[in-house]
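What follows is the residue order along each chain.
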Amino acid sequence: MSRIPILTPDLMTVDQKRIHDAVVSGPRGMLVGPLRAAIHRPELADKWQQFGELLRYRTSLPARLSELAILVTARHWDCQVEWHLHERDAIRASLEAPIIDAIRLGQRPADMEAETAAVHDFATELLRDRFVSEPTYQLVLARWDVVGVVELAAIIGYYSMVAMTLNAHELPLPDGIAPPLEARA
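First, a word on scope: everything that follows refers to the structure included in this document. (Residues numbered from 1 in each chain as written. Predicted model: local features only at pLDDT ≥ 70, side-chain atom pairs only at ≥ 80, totals over all residues. Heavy atoms only, no water.)

**A word on helix H4 (residues 63-76)**
An α-helical turn contains 3.6 residues, so any two residues separated by three or four positions project in the same direction.
Then comes step 1: Taking 1.5 Å of rise per residue, the 14 residues of H4 would be expected to cover 20 Å, and the 20 Å separating its terminal C-alpha atoms lies within 8% of that figure.
Then comes step 2: In terms of residue burial, H4 counts as a mostly covered element, since twelve of its 14 residues are buried.
Then comes step 3: Every buried residue of H4 is listed here: Arg64, Leu65, Ser66, Glu67, Leu68, Ala69, Ile70, Leu71, Val72, Thr73, Ala74 and Arg75.
Then comes step 4: Among the structural elements, helix H3 (42-57), helix H5 (80-92), helix H6 (97-104), helix H7 (114-129) and helix H8 (134-168) are those in contact with the buried residues of H4. (Helix = DSSP H or I, 4+ residues; strand = E, 2+ residues; numbered from the N terminus. Expected span 1.5 Å × (residues − 1). Buried < 20%, exposed > 50% of the residue type's maximum accessible area, 1.4 Å probe, protein only. Contact = heavy atoms within 4.5 Å.)

**Quick word on the packing of H7 against H8**
Then comes step 1: Relative to each other, H7 and H8 sit at 50 degrees, their axes nearing to 10 Å. Regarding the angle of H7 to H8, the classification is oblique. For H7 against H8, the interelement crossing comes out right-handed. On H8, the residues touching Glu115, Ala118, Val119, Asp121, Phe122, Ala123, Glu125, Leu126 and Leu127 of H7 are Thr136, Tyr137, Leu139, Val140, Arg143, Trp144, Val149, Leu152, Ala153, Ile156 and Ser160.
Then comes step 2: Tallied by class, residues from the contact of H7 with H8 come to 14 nonpolar, two polar and four charged. (Axes fitted to C-alpha atoms, helices over the stretch in contact; angles between N-to-C directions. Parallel < 35°, antiparallel > 145°, perpendicular 65-115°, else oblique. Left-handed = near helix turned anticlockwise from the far one by under 90°. Nonpolar A, V, L, I, M, F, W, Y, C, P; charged D, E, K, R; others polar.)

**Remarks on the packing of aromatic side chains**
Then comes step 1: Enumeration over the complete set of coordinates arrives at four aromatic pairs.
Then comes step 2: The interplanar angle of 75 degrees and the centroid separation of 6.4 Å between the aromatic rings of Trp48 and Tyr158 together place this pair among those described as edge-to-face. Taken together, the residues Trp48 in helix H3 and Tyr158 in helix H8 connect sequence positions 110 residues apart. Each member of the pair, Trp48 as well as Tyr158, is classed as buried.
Then comes step 3: With centroids separated by 4.8 Å and ring planes inclined at 85 degrees, the aromatic side chains of Tyr158 and Tyr159 adopt a geometry described as edge-to-face.
Then comes step 4: With relative accessibility at 5%, the residue Tyr158 sits in the buried group.
Then comes step 5: The class of Tyr159 is buried, set by a relative accessible area of 4%.
Then comes step 6: Linked through ring pairs, Trp48, Phe51, Tyr158 and Tyr159 together constitute an aromatic cluster. (Phe/Tyr/Trp six-rings, centres within 6.5 Å; stacked < 30°, edge-to-face > 60°.)

**So, the layout of surface pockets**
Then comes step 1: Empty space within the largest pocket amounts to approximately 340 Å³.
Then comes step 2: Lining the largest pocket are 21 residues, with Arg28, Val32, Arg56, Leu85 and His86 sitting closest to its centre.
Then comes step 3: Every element with two or more residues in the lining of the largest pocket is listed here: H3, H5 and H8.
Then comes step 4: Taken together, the residues of the lining of the largest pocket sort by class into twelve nonpolar, three polar and six charged.
Then comes step 5: Each pocket or cavity is described by its volume, and for the second largest pocket that value is around 240 Å³.
Then comes step 6: For the second largest pocket, the full set of lining residues is Val72, Arg75, His76, Ile103, Gly106, Gln107, Arg108, His120, Thr124, Leu127, Arg128 and Arg184.
Then comes step 7: Those elements that place two or more of their residues in the lining of the second largest pocket are H4 and H7.
Then comes step 8: Here the element with the most residues in the lining of the second largest pocket is H7; it accounts for four residues.
Then comes step 9: Looking at the lining of the second largest pocket, its residues break down into three nonpolar, five polar and four charged. (1 Å grid on protein atoms, 1.4 Å probe; cavity = no way out; pocket = protein on both sides within 12 Å on 5 of 7 lines; lining within 4 Å. Points joined across faces, edges and corners; volume = space filled by probe spheres on them.)

**Here we look at the environment of Asp15**
Then comes step 1: In this structure, Asp15 sits in helix H1 (residues 14-24).
Then comes step 2: On the basis of relative accessibility, which here comes to 41%, the residue Asp15 falls in the partly exposed class.

**Points about H1**
Then comes step 1: Of the residues making up H1, those classed as buried are Gln16, Ile19, His20 and Val23. Burial along H1 is one-sided: seen end-on, the buried residues are contained in an arc of 105 degrees.
Then comes step 2: Buried residues in H1 make contact with helix H2 (35-38) and H3. (Arc of directions from axis to C-beta.)

Okay, here's the thing in structure tokens:
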């Protein structure tokens, strides 16, 4: 159960409803995830949804690799909702099932192609060590140039904020969905 009220459109203020309608008419198609918390402060929700839309739908990274970075982030934060929402997107973006399963288990996937390994390792190092090693950084930079490496770091940071918000407020999974991530000790 959520620690804060989850507002339905009929309970929203005019400003909240305006942001809700903007989100629903965009590529998300619905108000989900942390926007259910941020909508309590409409200006925050508006900026959040714009930033999130940019990082989710309009970066230079292929969708499968963006979703890979998001899943690594969701697993790092043990964020059930983020994992649930993005596992589907990762599958649609053709991220291989063995890679998804390994990340779910907190393992480094085996047999990744070079681009996939570079993104996985960049995300893992940044989240685990708070820094990225020079060799890993250079692999991403060489493949996607400055814009891509900046976008990748932003995706990881943004989805960390998403996970922290979802976890802090205990925003629930959709009804009937079991937690996809096992608890870690």
